Amino acid sequence: IGVLALGGADVSGNHNIAIGSNAADSMTSGASNIAMGVNALGANTTGTCNVAIGFNAVSTAGASAIADNVGIGQSALGGAALTGSSNIGIGKNTADALTSGACNIAIGETAYGAATTGCYNTAIGYNSIGTGVTTGEMNVAMGVSSLAAVIGGNCNVAIGRSAMSAATTGCHNV
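It should be emphasised that the depicted structure is a prediction, and the values quoted were computed from it without experimental measurement.

**Student:** Can you tell me about the overall build of the chain, naming the residues and giving the values?
**Tutor:** Of regular secondary structure, the chain possesses zero helices and nine strands. Reading the helices (α) and strands (β) of the chain from amino to carboxyl end gives β-β-β-β-β-β-β-β-β. With respect to the three principal axes, the spread of C-alpha positions in the chain is 50 × 20 × 20 Å. When each of the 174 residues of the chain is scored for burial, the buried share is 45%. Sequence separation of 24 or more characterises 0% of the internal contacts of the chain that already satisfy a separation of 6 or more. Split by element, the accessible area of the chain, about 6,900 Å² in all, is 62% carbon and sulfur.

Right, dumping it as structure tokens:
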């Protein structure tokens, strides 16, 4: 439903839903995807089981077979050529730089915003793990700007407003 929704390419996929202008408009053989909003899931061609709700949500997903991503909110999981799978982004600009990262959870505006390839990270709160991490793994940040500047740390836990917000590297910190 909508101008060019599921309509920009020859679609041979099954069980896809697209609502909104250009929603899932590049889909070719993807299956079981849901796209709601202008440009939602816009560049995805062969992905499966993705949910994109909101303007530009999961909109730059690459031609690779991304799977099991959930992006809810304006540009959630939507700013970079996403090839990773099993990511969750809820909120405006969450995980919007993510490319090949997998199994990440970002909730809150700009949460996990600079990350590109990290895996198994959890960022909850405005700007948590927001401006630094690009490759870190297994970090947990809960609270506004918690772990905001960490670049490549692994296995860190920060809970509370601005907790460990100045840390740029390090591992196994609580």
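**Student:** Explain the sheet that holds strand β9 (residues 157-159) to me, and be specific about the residues and the numbers.
**Tutor:** What holds strands together in a sheet is hydrogen bonding between their backbones, with the strands either parallel or antiparallel. Read across the sheet, nine strands follow the order β1-β2-β3-β4-β5-β6-β7-β8-β9 without closing on themselves; strand pairing throughout is parallel. Two strands close off the open sheet at either side, each with one partner strand: β1 (17-19) and β9. With direction set aside, neighbouring strand axes in the sheet form an average angle of 5 degrees. Two elements, strand β5 (residues 88-90) and strand β6 (residues 105-107), share three bridges in a ladder whose sense is parallel. By the bridge assignment, G89 is partnered in β6 with A106.

**Student:** Please provide a residue-by-residue account of the nonpolar core, values included.
**Tutor:** Counting residues in hydrophobic clusters, the biggest one holds 27 residues, and the most contacted among them are V58, L98 and Y112. Here V58 is in contact with L41, G42, V51, A52, I66, G71, A76, L77, G78 and L82, once residues within four sequence places are set aside.

**Student:** Could you give an account of the environment of G2, naming the residues involved and the relevant values?
**Tutor:** Structurally, G2 can be placed in the segment before β1. Separated by 18 residues in sequence, G2 and G20 place their C-alpha atoms 4.7 Å apart. Ignoring any residue separated from it by four or fewer positions in sequence, one finds G2 in contact with G20 and S21.

**Student:** Describe unusual backbone geometry, naming the residues involved and giving the relevant values.
**Tutor:** Of note, V58 is a non-glycine position whose phi angle comes to about 45 degrees, a positive value. Position of V58 among the secondary structure elements: in the loop between β3 (51-53) and β4 (70-72). Backbone geometry places L77, a non-glycine residue, at a positive phi of 55 degrees. Its place among the elements puts L77 in the loop between β4 and β5.

**Student:** Pulling in residues and values, what's your account of the environment of G125?
**Tutor:** Here G125 shows up in the loop between β7 (122-124) and β8 (140-142). For G125, a relative accessible area of 16% gives the class buried. Taking the C-alpha atoms as reference, G125 lies 5.9 Å from M142; in sequence the two are 17 residues apart.

**Student:** I'd like a description of the side chain of S59, backed by residues and values.
**Tutor:** Assignment of secondary structure puts S59 in the loop between β3 and β4. A relative accessible area of 12% means that S59 is categorised as buried. Those residues in contact with S59 that sit more than four places away from it in its chain are N39, L41, G42, A43, L77 and G78.

**Student:** An account of the side chain of N56 is requested, with residue identities and associated values reported.
**Tutor:** Within the fold, N56 resides in the loop between β3 and β4. Setting aside residues up to four positions removed in sequence, N56 forms contacts with V38, N39, A40, S75, A76 and G78.

Basis of the calculations
- Along each chain, numbering runs from 1 in the same order as the chain's sequence is written.
- Side-chain atom pairs in this predicted model are given and counted only at pLDDT of 80 or more, local residue features only at pLDDT of at least 70, and totals for whole chains, interfaces and linings cover all residues.
- Values reported for side chains reflect all heavy atoms of the structure, with hydrogen atoms and water molecules removed beforehand.
- Strands here are runs of E lasting at least two residues and helices are runs of H or I lasting at least four, both read from the DSSP assignment and numbered beginning at the N terminus.
- Type-normalised accessible area, obtained with a 1.4 Å probe on protein chains alone, sets the label of each residue: buried when under 20%, exposed when over 50%, and partly exposed for intermediate values.
- Contact criterion: two residues are considered in contact whenever any of their non-hydrogen atoms come within 4.5 Å of each other.
- The protein chains shown are the only cover counted for residues, whose accessible areas, like all others here, come from Shrake-Rupley with a 1.4 Å probe.
- For two strands to be treated as a pair, DSSP must find no fewer than two bridges joining them.
- Every axis in this analysis is a line fitted to C-alpha atoms, fitted for helices over the stretch in contact. Angles between the N-to-C directions lie between 0 and 180 degrees.
- Residues enter a nonpolar core if they are buried and are Ala, Val, Leu, Ile, Met, Phe, Trp, Tyr or Cys, with the set joined through side-chain atoms within 4.5 Å.

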